[in-house]
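Fold and contact review
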Amino acid sequence: MPIRPLHDRLIIKRTEPELKTASGIVIPDSAGEKPEQGDVIAVGPGKRNDKGDFIALNVKPGDRVLFGKYAGQTVKIDGDEVLVIREDDVLAVIEK
């Protein structure tokens, strides 16, 4: 993907929501909300501290993360919809 995030920002591709609950109830497309998890596509170099050194991010490309419902900014790049968020908006990394 031809995009490189700056500072402590991440580029995330939302994952498809589950269309069936654990108990087997099928959720129609119209009732579904945007998923609040996705795969990290790219990461920036990190924040700078008071000395000007970069502080590395805790996530890396390929990680699956949880984030807040209203976190970040959605943009379209080459026809794909991605989310640009700050690392502070990431709630957790989902272990595989």
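Up top is the structure.
The following refers to the structure shown. Starting from 1, residues in each chain are numbered consecutively following that chain's sequence as written. A pLDDT threshold of at least 70 governs which residues receive local features in this predicted model, and a stricter bar of 80 or more applies before side-chain atom pairs are shown or counted, although totals over entire chains, interfaces and linings include all residues. Excluding hydrogens and water, the side-chain values take into account all heavy atoms of the structure.

Helix and strand assignments follow DSSP, with helices taken as H or I runs no shorter than four residues and strands as E runs no shorter than two, numbered in order from the N terminus. Helix and strand counts for the protein come out as 0 helices and 8 strands. Along its sequence from the N terminus, the protein presents helices and strands in the succession β-β-β-β-β-β-β-β. Expressed as a percentage of its 96 residues, the buried residues of the protein come to 26%. In the protein, of all internal contacts separated by at least 6 residues, the share reaching a separation of at least 24 is 63%. Throughout, exposure labels follow a simple rule: accessible area from a 1.4 Å probe, protein chains only, divided by the maximum for the residue type, with under 20% read as buried, over 50% as exposed, and the rest as partly exposed. By definition, residues are in contact when any of their heavy atoms lie within 4.5 Å.

This part takes up the sheet that holds strand β1 (residues 9-14). Spatial ordering of the open sheet is given by β6-β7-β1-β2-β5-β8, a layout of 6 strands whose pairing is antiparallel. Lying at the two open borders of the sheet, with one neighbouring strand each, are β6 (73-77) and β8 (90-94). Averaged over all adjacent pairs, the angle separating strand axes in this sheet is 45°, with direction ignored. For two strands to be treated as a pair, DSSP must find no fewer than two bridges joining them. Taken together, the 5 bridges between β1 and strand β2 (residues 37-43) define a ladder with antiparallel strand orientation. Directly across from isoleucine 11, in β2, lies its bridge partner alanine 42. For every element, the axis is a line fit to its C-alpha atoms; helices are fit only across the contacting stretch, and the angle between N-to-C directions ranges from 0 to 180 degrees.

As a further point, take unusual backbone geometry. Positive phi is not limited to glycine here, since histidine 7 has a value of about 55°. For histidine 7, the location among the structural elements is in the segment before β1. We classify histidine 7 as partly exposed; its relative accessible area is 47%. Positive phi, close to 55°, is recorded for aspartate 78, a residue that is not glycine. Structurally, aspartate 78 is set in the loop between β6 and β7 (80-86). Accessibility expressed as a relative area gives 66% for aspartate 78, which makes it exposed.

Moving on: the nonpolar core. One recurring pattern in soluble globular proteins: nonpolar side chains tend to sit buried together. With 11 residues, the main nonpolar core is built from Leu10, Ile12, Val40, Leu57, Val59, Val65, Phe67, Ala71, Leu83, Ile85 and Val90. Mapped onto this core, the elements with two or more residues apiece are β1, β5 (64-67) and β7. Buried residues of nine kinds, namely Ala, Val, Leu, Ile, Met, Phe, Trp, Tyr and Cys, make up a nonpolar core once their side-chain atoms join them within 4.5 Å.

Where β2 and β5 come together, 3 bridges link them in antiparallel fashion. The residue bridging glutamine 37 from the neighbouring strand is leucine 66, located in β5.

This part covers the environment of valine 93. Position of valine 93 among the secondary structure elements: in strand β8. Taking the relative accessible area as the measure of exposure, valine 93 reaches 33% and is therefore partly exposed. Discounting residues that sit within four places of it in the chain, valine 93 has contacts with Val59, Asp63, Arg64 and Val65.

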